[in-house]
Amino acid sequence: MALQVGLVGLPNVGKSTLFNAVSQAGADAANFPFCTIDPNVGVVAVPDPRLDRLGELAKSAKIVPTAIEFVDIAGLVAGASQGEGLGNQFLAHIREVDAICNVVRCFEDPDVVHVSGTVDPTRDIEVIDTELILKDLETAEKRVERAQRSAKSGDKGLVRERDQVVAMRDHLGAGQPARTFPGDLDPALARELGLLTAKPVLFAANVAEDDLPEGNEHVDIVRKLAEEQGAEVVVVSAQVEAELAELDGDERAEYLASLGLDRSGLERLIERAYDLLGLLTFFTAGPKEARAWTVPAGSTAPRAAREIHTDFERGFIKAEVIAFDDYDRLGSEAAAREAGRLRIEGKDYVVVDGDVIHFRFNV
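Note that this is a predicted model, so its numbers are computed, not measured.

Asker: How would you explain the overall build of the protein chain if you had to name every residue and give the values?
Answerer: Along the backbone of the protein chain there are 15 helices and 13 strands. Taking 2.2 N^0.38 as the reference for a compact globule, 363 residues should give roughly 21 Å; the C-alpha atoms of the protein chain span a radius of gyration of 23 Å, in line with that estimate. Its C-alpha atoms put the protein chain at 60 × 60 × 35 Å along the principal axes. Burial status across the protein chain gives 48% buried among its 363 residues.

Next comes the structure, spelled out in structure tokens:
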């Protein structure tokens, strides 16, 4: 499954600098490739040491990681919901992503002028939240008009739908994002509405190098606001990410260590995005290739098989499953089978993160 994370933020917060930094991270420099597929879209392979280990044990000719797309969304300004600046383009791009990464400026630099004159994370976050809520409110109000007309028929389902849409409109009208809606919104209705503020959010607090790894007083403010929204925070430095992209393996590791970090900001963003969206990774491994696949947590074996090919799901017979830890400890599929650590699972099996799976199916 293709996972898209949209990078949003006000002008001059470091959003595009962060995007450009990770877009320069080549396979040799950062141990995970990045390629640009559009002026504002790039694909990064998700780093996973388990995959490298599987490739080594299975003597795979090729290693194929799973990937995540980062989208550099046009800078937002107050009034975007009414089309100010690049508002319409900004909002259209947000509709297409799975999660939003709000890049918040948490550094002081007199040479980089803030669009509002001062560094104020609370104000910046409120600007973006307000514009998205206003656009969602517009969507909800239009849907309320339709729902009220339809509910006049007395149909219980249509009456319930009207009540839900009205409740959502009132929630948004109170300045609250859709993701904090306390009611039970019908999934089909939620998909139809496509509300921007229903998308999960994480904050990238962009700091100066000297404020890594823990951050500063601005980051403390972002953490407090994120906690109120049930969101995640990752402390990053766009400038440091740009420098990391230019370094080779050993130099890169030394630089990270000097900053008190064991992983780059990009890697930590990817990890948080996976957690935020409730995703997990399973593997396939053999002489031709070792490959990582991404599926939603709770996926059954046939659903996981669909990631490889739809025929695998339609013709699913069984799944031969080895936990990664067992594969790693025993050293091969054959050894795991001999030790009784290879399990035969059916259609109801729920895939676990790290499963190494071989699917059996009818064509």
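Asker: I'd like a rundown of the nonpolar core, residues and numbers included.
Answerer: Grouped together as the largest cluster of nonpolar side chains are 58 residues, with contacts concentrated most on Ile 68, Phe 70, Phe 203 and Ile 270. In terms of nonpolar packing, the next biggest core, distinct from the first, is built from 15 residues, Ala 301, Ala 305, Ile 357 and Phe 359 among them.

Asker: Explain the environment of Glu 232 to me, using residue names and the numbers behind them.
Answerer: Within the secondary structure layout, Glu 232 lies in strand β8 (residues 232–236). On the accessibility criterion, Glu 232 (31% relative accessible area) is partly exposed. For the pair Glu 232 and Asp 248, spaced 16 residues apart in sequence, the C-alpha separation works out to 30 Å. Sequence-distant contacts of Glu 232, that is, excluding residues within four places in its chain, are made with Val 201, Leu 202, Phe 203, Arg 272 and Leu 276.

Asker: Describe the state of the cysteines, and please don't skip the residues or the numbers.
Answerer: Evaluation of the coordinates by the stated rule reveals 0 disulfides. Here Cys 101 stays free of any disulfide, with the sulfur of Cys 106 as its closest cysteine sulfur at 12 Å. Assessed through its relative accessible area of 0%, Cys 106 is described here as buried.

Asker: Outline a negative patch on the surface, listing residues and values.
Answerer: Residues Asp 248, Asp 250, Glu 251 and Glu 254 make up a contiguous surface patch of negative charge. Within the fold, Glu 251 resides in helix α10 (residues 249–258). Take Glu 251: its relative accessible area is 46%, and that puts it in the partly exposed class.

Asker: Which residues make up the confidence of the model for the protein chain, and what are the values?
Answerer: The predicted model of the protein chain has a mean per-residue pLDDT of 89, with 90% of residues at 70 or higher. A low-confidence stretch, residues 25–33 (pLDDT under 50), is modelled with 28 contacts involving residues beyond four sequence positions or located in other chains.

Analysis parameters
All chains use their own residue numbering, which begins from 1 and follows the written sequence. With pLDDT at 70 or above as the cut-off, local features in this predicted model cover only qualifying residues; side-chain atom pairs require 80 or more to be listed or tallied, and sums for whole chains, interfaces and linings still use all residues. For the side-chain quantities, the full set of heavy atoms in the structure was used; hydrogens and water were omitted. Per the convention used, a helix needs a DSSP run of H or I reaching at least four residues, while a strand needs a run of E reaching at least two, with both numbered from the N terminus. Here the radius of gyration uses the C-alpha set of atoms, whereas the globule reference equals 2.2 Å times the residue count to the power 0.38. Buried residues are those whose accessible area, probed at 1.4 Å on protein chains only, stays under 20% of the maximum for their type, while exposed residues exceed 50% and partly exposed ones sit between those limits. Among buried residues, those of type Ala, Val, Leu, Ile, Met, Phe, Trp, Tyr and Cys that are joined through side-chain atoms within 4.5 Å constitute a nonpolar core. Between two residues, a contact is recorded if the distance between any of their heavy atoms is within 4.5 Å. Any two cysteine sulfur atoms within 2.5 Å of one another count as a disulfide. Distance thresholds for patches are 9 Å for like charges and 5 Å for nonpolar side chains (Val, Leu, Ile, Met, Phe, Trp, Tyr), applied to residues having over 30% relative accessible area and no salt bridge. Areas reported as accessible are Shrake-Rupley estimates using a 1.4 Å probe. Residue values count occlusion only from the protein chains shown. Whenever Lys or Arg places a side-chain nitrogen within 4 Å of a carboxyl oxygen from Asp or Glu, that contact is recorded as a salt bridge. In this count, Lys and Arg are taken as positive residues and Asp and Glu as negative ones, while His and the chain termini are left out. To locate a charge, the coordinates of NZ of Lys, CZ of Arg, CG of Asp or CD of Glu are taken. On a range of 0 to 100, pLDDT expresses the predictor's confidence in each residue.

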